[in-house]
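# Geometric and topological summary
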Amino acid sequence: MSAQRILVTGGAGFIGSSLCERLVQQGHSVVALDSMFRGDEANLDGIIGEENFSLYAGDVRDVDDLDACVEAMGGLDIIYHLAAINGTKWFHEAAHSVIDVNINGTLRTLELAMANDARYIFASSPEAFGEPDSQPITDGDKMIFSNPAQHQRHSYGGSKYLGEVASQHAAREGLDVRIVRPFNAYGPRLCGDDYGQVIGIFFQNILEGADLTVHGNGSQTRSFTWIDDVVDGFVNAGEVNSSPNMVFNIGSTEEISILDLAAKIAKFSPSGAEVVHGEGYFGDSNRRLPDISRAVELLNWHSKVSLDDGLQLMWDVLTT
Ligand SMILES: NC(=O)c1ccc[n+]([C@@H]2O[C@H](COP(=O)([O-])OP(=O)(O)OC[C@H]3O[C@@H](n4cnc5c(N)ncnc54)[C@H](O)[C@@H]3O)[C@@H](O)[C@H]2O)c1
């Protein structure tokens, strides 16, 4: 693909920063927009200072900030919209902000794409399916949400669901839209604090000499996808020629229970961390396994890095 002018919202975050690195390496002009809510400038150390990259600290809901990013590049060809409030603890504690940032950020960036006739890649989530009644999660499955009086978890999944509705509506109106659903990405920059994701938290526990707490009995399963594979998925989805149904599940099909994951990660502990059980979040999903057939067929994508190799790679980076 010839050099494009690309806006990456959430570009200082976990996935966004690696995506920016890849796009800069490919020779595109890239602006990362991030409010630094959970982003970190250090994630971009490898490309800050590159002529074809700049970081803009701003809010994805603010049209002046979005316009400033476009102005900095002298136009806009592609938006990768990743800015969102992510992290399970936030879904429960800050549902209002999750809904506000995730939905309004998507609407504003869709409007920006339409105004510039730019290609739009939306970072959705398997959580857009809510509590699906079958696995693997296949496009076309029903998206099912429980009553919000029970719990607030779906502040996030609901926002991704509506993001897909808005993106599909824009596609019907003629915008070139692609939807990517990453399944549990992991890598060295993954957030490991209380608001982070499970692999980041487990490794952080080990670095602090703490035990690993599994929510409930740990029989819930996930499919963890190495960061470089996830970035491949985003880039391939951004580059592929447009055709109907540009919606891609990007995830490993290697399924593991959280209990087994904890046992695997505990083995890295020099001090012999134990796996203990604690209370989980109400509404947490039991299983999240992707059907990746469309990504295989149209993007020639499948995950390449096994969980064992990825965990070792992550540990090596965290400890050097
Ligand atoms: N990590 C995963 O496994 C996963 C799975 C499914 C979907 N996703 C989606 O992929 C995208 C990237 O996820 P991530 O794991 O890198 O999360 P992340 O939290 O590291 O990245 C999101 C970025 O958005 C920024 N942000 C938050 N509010 C903002 C605002 N108002 N204006 C501008 N920037 C703002 C944050 O500071 C952060 O840097 C998100 O949309 C997320 O929902 C991620």
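For the structure itself, look to the data block above.
Everything quoted here is computed from the prediction, not taken from an experiment.

## Quick notes on helix α1 (residues 14–25)
An α-helix turns once every 3.6 residues. As a result, residues three or four positions apart point the same way. Relative to the 16 Å expected for twelve residues at 1.5 Å per residue, α1 spans 18 Å between its end C-alpha atoms, a close match to the ideal helical length. Those residues of α1 not exposed but buried are F14, I15, G16, S17, S18, L19, C20, E21, L23 and V24. Phi turns positive one or two residues past the end of α1, at G27, with a value near 95°.

## Some words on the nonpolar core
Residues C20 and I79 are the most contacted members of the largest nonpolar core, which totals 85 residues. If sequence neighbours within four positions are ignored, I79 has contacts with L7, T109, L112, A113, A118, Y120 and I121. The next biggest cluster of nonpolar side chains, apart from the first, holds five residues, and it includes A128, F129, I137 and Y161.

## A look at the site of the ligand
Of all residues adjacent to the ligand, which total 29 residues, the nearest are G10, G13, F14, G39 and A84. Elements supplying a minimum of two residues to the shell around the ligand: α1, β2 (29–34) and α4 (95–116). Here the residues of the shell around the ligand are counted per class, giving 15 nonpolar, ten polar and four charged.

## Regarding the pairing of β2
Within β2, six of the six residues are buried, which leaves the element mostly enclosed by the surrounding structure. Of the two faces of β2, the one holding S29, V31 and L33 and the one holding V30, A32 and D34 are both buried throughout. Across five bridges, the pairing between strand β1 (residues 5–9) and β2 is parallel. Its bridge partner being in β2, R5 is matched across the sheet by S29. Of the crossover connections in this fold, the one passing from β1 over α1 to the parallel β2 is right-handed.

## A word on α4
The terminal C-alpha atoms of α4 lie 31 Å apart, and with 22 residues this matches the ideal 32 Å at 1.5 Å per residue to within 8%. Along α4, the residues that are buried comprise A95, V98, V101, N102, I103, G105, T106, R108, T109, L110, L112 and A113. The inward-facing, buried residues of α4 abut β1, α2 (63–73), β4 (78–81), α3 (88–93), β5 (119–123) and α5 (154–172).

## Quick word on the packing of α4 against α5
How two helices pack is summed up by the angle between their axes together with the distance between the axes. At a minimum axis distance of 9 Å, the contact between α4 and α5 shows a crossing angle of 15°. Overall, the two elements α4 and α5 adopt an arrangement that is roughly parallel. For the element pair α4 and α5, the recorded crossing hand is right-handed. Residue-level inspection shows A95, V98, I99, N102, I103, T106, L107, L110 and M114 of α4 in contact with α5, the latter providing S155, Y156, S159, K160, L162, G163, A166, S167 and A170.

## Considering unusual backbone geometry
Working note: non-glycine residues mostly have negative phi, and peptide bonds are mostly trans. Cis geometry marks the peptide bond from Q135 to P136, where omega comes out at -5°. As for its position among the elements, P136 is in the loop between β5 and α5. At N184, a residue that is not glycine, the phi angle is positive and equals roughly 40°. Of note in this structure, N300 is not a glycine but carries a positive phi near 55°. Tracing the chain through its elements places N300 in the loop between α9 (293–299) and α10 (307–318).

## Quick word on the packing of α1 against helix α7 (residues 227–239)
Relative to each other, α1 and α7 sit at 65°, their axes nearing to 10 Å. Here α1 and α7 pass one another in a crossing that is right-handed. When α1 is examined against α7, the residues I15, S18, L19 and R22 are found in contact with a partner set consisting of I227, V230, V231, F234 and V235. For the contact of α1 with α7, the per-class residue count stands at seven nonpolar, one polar and one charged.

What counts and how
- Residues numbered from 1 in each chain as written.
- Predicted model: local features only at pLDDT ≥ 70, side-chain atom pairs only at ≥ 80, totals over all residues.
- Helix = DSSP H or I, 4+ residues; strand = E, 2+ residues; numbered from the N terminus.
- Expected span 1.5 Å × (residues − 1).
- Buried ≥ 20, exposed ≤ 12 C-beta atoms within 10 Å, placed from the backbone.
- Core = buried A, V, L, I, M, F, W, Y, C linked by C-beta atoms within 7 Å.
- Contact = placed C-beta atoms within 7 Å.
- Near = placed C-beta within 6 Å.
- Nonpolar A, V, L, I, M, F, W, Y, C, P; charged D, E, K, R; others polar.
- Pairing = 2+ DSSP bridges.
- Right-handed = clockwise from strand over helix to strand, strands pointing away.
- Axes fitted to C-alpha atoms, helices over the stretch in contact; angles between N-to-C directions.
- Parallel < 35°, antiparallel > 145°, perpendicular 65-115°, else oblique.
- Left-handed = near helix turned anticlockwise from the far one by under 90°.

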